[in-house]
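The residues making up each chain are set out below.
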Amino acid sequence: MQIKNKAMLITYSDSLGKNMEELSKVMETYFEDAVGGIHLLPFFPSTGDRGFAPSDYTTVDSDLGSWEMIEKLGEKYYLMFDFMINHISRESLFFQDFKKEHLNSKYKDMFIRINDFFPPGRPNEKDLDLIYKRKDKAPFQEVEFADGETELVWNTFGEEQIDLDVTAEVTKEFIRQTIKNMAAHGCSILRLDAFAYAIKKLDTNDFFVEPEIWDLLDEVKAEAAKYDMELLPEIHEHYSIQMKIANHDYYIYDFALPMVMLYSLYSGRVERLAKWLEMSPMKQFTTLDTHDGIGVVDARDLLTDEELDYTSAELYKIGANVKKIYSSEKYNNLDIYQINSTYYSALGDDDKSYLLARVIQCFAPGIPQIYYVGLLAGKNDIDLLEETKEGRNINRHYYTIDEIKNEVKRPVVKALCNLLRFRNTSEAFDLEGSIEIETPSSNEIVIIRKNKTNKITATLKANLSTKTFQISENERNILI
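Not measured: the values here are computed from a predicted model. (Residues numbered from 1 in each chain as written. Predicted model: local features only at pLDDT ≥ 70, side-chain atom pairs only at ≥ 80, totals over all residues. Heavy atoms only, no water.)

**Concerning the nonpolar core**
Next up, step 1: Judged by nonpolar contacts, the single largest core of 143 residues is most densely connected at Phe43, Ile85, Leu190, Phe195, Phe208 and Ile445.
Next up, step 2: When residues no more than four places from it in sequence are discounted, the contact partners of Phe208 are Phe195, Ala196, Ile213, Trp214, Ile235, Ile241, Lys244 and Ile245.
Next up, step 3: Ile3, Met8, Met80 and Phe255 belong to the second-largest nonpolar core, a separate cluster that totals 11 residues. (Core = buried A, V, L, I, M, F, W, Y, C linked by side-chain atoms within 4.5 Å. Buried < 20%, exposed > 50% of the residue type's maximum accessible area, 1.4 Å probe, protein only. Contact = heavy atoms within 4.5 Å.)

**Re the side chain of Ser89**
Next up, step 1: Mapped onto the elements of the fold, Ser89 is located in strand β4 (residues 87-89).
Next up, step 2: When its relative accessible area of 0% is taken as the criterion, Ser89 is described as buried.
Next up, step 3: Reaching out from Ser89, the side chain makes a polar contact with the backbone nitrogen of Glu91 at a distance of 2.9 Å.
Next up, step 4: Once residues within four sequence positions are removed from consideration, Ser89 is found in contact with Thr47, Ala53, Pro54, Ser55, Phe95 and Glu160. (Helix = DSSP H or I, 4+ residues; strand = E, 2+ residues; numbered from the N terminus. Polar contact = N/O pair within 3.5 Å; in protein donor to acceptor, adjacent residues only side chain to side chain.)

**Overview of helix α9 (residues 257-267)**
Next up, step 1: Along α9, 10 of the 11 residues are buried, which leaves the element largely enclosed by surrounding structure.
Next up, step 2: Looking only at α9, the buried set comprises Leu257, Pro258, Met259, Val260, Met261, Leu262, Tyr263, Ser264, Leu265 and Tyr266.
Next up, step 3: At the C-terminal side of α9, Gly268 shows a positive phi close to 80 degrees.

**Details of the pattern of salt bridges**
Next up, step 1: Throughout the structure, instances matching the rule amount to 33 salt bridges.
Next up, step 2: Between Glu271 and Arg269 there is a salt bridge, with its nearest N and O atoms 2.9 Å apart.
Next up, step 3: A salt bridge links Lys452 to Glu432, with the shortest nitrogen-to-oxygen separation between them at 3.0 Å. Taken together, the residues Lys452 in the loop between β16 (444-450) and β17 (457-463) and Glu432 in the loop between α17 (411-425) and β15 (434-441) connect sequence positions 20 residues apart. The pair formed by Lys452 and Glu432 is uniform in burial state, with each residue classed as exposed. (Salt bridge = Lys/Arg side-chain N within 4 Å of Asp/Glu carboxyl O.)

**Describing the sheet that holds strand β14 (residues 367-371)**
Next up, step 1: Taken in spatial order, the eight strands of this open sheet run β9-β8-β3-β2-β1-β14-β11-β10, and their pairing is parallel. The sheet is open, and its two borders are formed by β9 (230-233) and β10 (252-254), each paired with just one other strand. Sheet twist, expressed as the mean angle between neighbouring strand axes with direction ignored, is 30 degrees.
Next up, step 2: Of the pairings in the sheet, the one linking strand β1 (residues 8-11) to strand β2 (residues 37-40) comprises four bridges and is parallel in character. Within the sheet, the bridge partner assigned to Thr11 lies in β2 and is Leu40. (Pairing = 2+ DSSP bridges. Axes fitted to C-alpha atoms, helices over the stretch in contact; angles between N-to-C directions.)

**Comments concerning the domain arrangement of the chain**
Interfaces are often sized by the accessible area lost when the parts come together.
Next up, step 1: For the chain, the domain assignment lists domain 1 (8-85 + 167-425), domain 2 (93-163) and domain 3 (434-478).
Next up, step 2: Centre-to-centre separation of domain 2 and domain 3, based on C-alpha positions: 53 Å. (Domains from an automatic or database assignment.)

**Some remarks on the sheet that holds β15**
Next up, step 1: The five strands lie next to each other as β15-β16-β17-β18-β19, forming an open sheet whose pairing is antiparallel. Of all strands in the sheet, those with a lone pairing partner are β15 and β19 (476-478), marking the two edges. Pairs of neighbouring strands in the sheet enclose a mean axial angle of 20 degrees, with direction left out of account.

**Quick word on unusual backbone geometry**
Next up, step 1: A cis amide bond links Arg122 with the next residue in sequence, Pro123, at an omega value of 15 degrees.
Next up, step 2: Assignment of secondary structure puts Pro123 in the loop between α4 (114-117) and α5 (125-130).
Next up, step 3: Residue Pro211 follows Glu210 across a cis peptide bond; omega there is 5 degrees.
Next up, step 4: The topology assignment puts Pro211 in the loop between β8 (187-192) and α7 (212-225).
Next up, step 5: Even without being a glycine, Ala194 presents a positive backbone phi close to 55 degrees.
Next up, step 6: With respect to the secondary-structure elements, Ala194 resides in the loop between β8 and α7.
Next up, step 7: Judged by relative accessible area, Ala194 falls into the buried class, the value being 5%.
Next up, step 8: One non-glycine residue, Asp249, lies in the positive phi region at around 70 degrees.
Next up, step 9: On the accessibility criterion, Asp249 (45% relative accessible area) is partly exposed.

**As for the environment of Phe207**
Next up, step 1: With respect to the secondary-structure elements, Phe207 resides in the loop between β8 and α7.
Next up, step 2: Residue classification places Phe207 among the buried residues on the basis of a relative accessible area of 7%.
Next up, step 3: Taking the C-alpha atoms as reference points, Phe207 and Lys133, 74 residues apart in sequence, are found 8.6 Å from one another.
Next up, step 4: Non-local contacts of Phe207, meaning those with residues more than four positions away in its chain, are made with Tyr132, Ala196, Tyr197, Ile235, Glu237 and Ile241.

**Section: the pairing of strand β5 (residues 140-144)**
Next up, step 1: Strand direction decides the pairing type here: β5 and strand β6 (residues 150-154), joined by five bridges, are antiparallel. The residue bridging Phe140 from the neighbouring strand is Trp154, located in β6.
Next up, step 2: Taken together, β5 and the strand that follows it, β6, pair antiparallel across an intervening segment of five residues, in which Gly148 is found at a positive phi of about 90 degrees.

Okay, structure coming up:
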């Protein structure tokens, strides 16, 4: 199915109900018209990181569902799957064969052996300092092989996630087969998780290494194009990198919007938000929340350092049950540039502020994505956080069918679903159309969306200080 210009839900297979079967029923019962696409977070057998350490891309975790269930979802919604192009589980057959056969393994070139990557006597301290990393140690793991030898291999993220050498032919064949298999099961858009880490090159910081990163993207794009599949490269960094990707005609994420939005709603001022909306490309997916934390680094220079500090401080002050310790090493935080909270709780569990944030998101350039906790205006799950000591689990509540039945009755959830239905059906949000921004005062913003024929116009008038707004379409007031 082709991508539709309709809101995309981000969800795990076992978070809106206990599996894909229940998820399908939940969607059909409550959200069918509010959502046009689903980003189904990793559903493969995995050994860690809530699915992001896949051991086998050819099958579905039987506790979650089956390919048949996924294909059935694909009949109603355009689907996004994750491809962790940078790494794979150390329990995968590829890495297990490497451990068993060592240098005789036909998969040995899939992995980056540190002694092979660096010249003799290296890596030294200078090399290690140069590497871009988001954990406080070298991104290497010692491996003991069946022949008794030990070696270090590249390991950027968790211990279960062994990095791949994407330049090796054996890895390229693995990439080709994985893409082909995902296409066969209904994938419309492939999310390339952690792709910016995938190229390692001596004497660089091993992050978004140019021009090689473009060669990798172009190779993957050409393969995906065989099956009419689009790509969405995932990267959390300075917004200028997203702009580079957009200039190469890829879909991008608007990961800057969450912090810019929080700053604007906390301060009541519109100038930073207005400037960002004017800059943003149409070929993107907008976010306020995802399965990860709220990214800070993405908005740097769109907000000054002082404004970023102010926003972070206000988040901890205004946010409901948001504490600095939840984004620390004590709670296994893998990214020091993210703050762990649901977006609803980041806005103090306040319905007016939250709904305004979603309204602005729906009027922003691009296609809105909404995380499943956000769809239900979910509060921080402190019980799950403390039970698991995993910071990101504050925003990963497991909803039962009964809980969902109650949550959808809340006025804020009803209004949000009505908003999404309007966004999905109004022709004003044509991605080939235009956007105009006006700022009548420091607290007020007017966003005007027109389709390419200029016949349909949707207008949002909002006051970020009073948290009030009006929506109209061709002069007709829209009530949500």
